[in-house]
Amino acid sequence: VSTPVITPTKPSLTIMCPLTVAFGGSPTCTATVTGTVVSGYWMVNDLKVPDSDNQYAYTWYDVRTAGTYKVQAFATAADGSTVSSNVLMVTVQPQ
């Protein structure tokens, strides 16, 4: 009799954000995780957002620099592997 091998499913991470933000706006981005993660964080333009560890929502307060920003979230699965979310390009409109 053989014992079946159960391979854990890798978690998935999906984010949602407003894609267009008014100058001075405060958009909130949210993350949805399927599966189990032990930690996570947010990045904007490939820089880690301060104080974003283990937050399922990130509010970017009073955005006053117009331009397009790459927003992404990352998490660590229980097995230590990194899980990355989809990438969203968020445009902050000029004043």
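As a reminder, the structure under discussion sits directly above these lines.
Cut-offs and rules
Residues numbered from 1 in each chain as written. Predicted model: local features only at pLDDT ≥ 70, side-chain atom pairs only at ≥ 80, totals over all residues. Heavy atoms only, no water. Phe/Tyr/Trp six-rings, centres within 6.5 Å; stacked < 30°, edge-to-face > 60°. Lys NZ or Arg CZ within 6 Å of the ring centre and 35° of its normal. Pairing = 2+ DSSP bridges. Helix = DSSP H or I, 4+ residues; strand = E, 2+ residues; numbered from the N terminus. Axes fitted to C-alpha atoms, helices over the stretch in contact; angles between N-to-C directions. Contact = heavy atoms within 4.5 Å.

Visitor: Give me the lowdown on the packing of aromatic side chains, citing residues and values where you can.
Guide: All told, the structure shown has three aromatic pairs when counted by the stated rule. In this structure, Lys-48 is placed above the aromatic ring of Tyr-41, and the distance from its NZ or CZ to the ring centre is 5.2 Å.

Visitor: Let's hear about the sheet that holds strand 3 (residues 28-34): which residues, and what values?
Guide: Taking strand neighbours across the sheet as the criterion, the three strands line up as 1-3-6 in an open arrangement whose pairing is antiparallel. Looking at strand neighbours, the two that pair on one side only are strand 1 (12-16) and strand 6 (57-59), the edges of this open sheet. Across this sheet, the average inter-strand angle for adjacent strands is 15 degrees, counted without regard to direction.

Visitor: Can you explain the side chain of Ser-85? Please cite residues and give values.
Guide: As for its position among the elements, Ser-85 is in the loop between strand 8 (82-84) and strand 9 (88-92). Here Ser-85 is in contact with Leu-13, Ile-15, Gln-72 and Ala-73, once residues within four sequence places are set aside.

Scope: geometric values only; no functional claims are made or implied.
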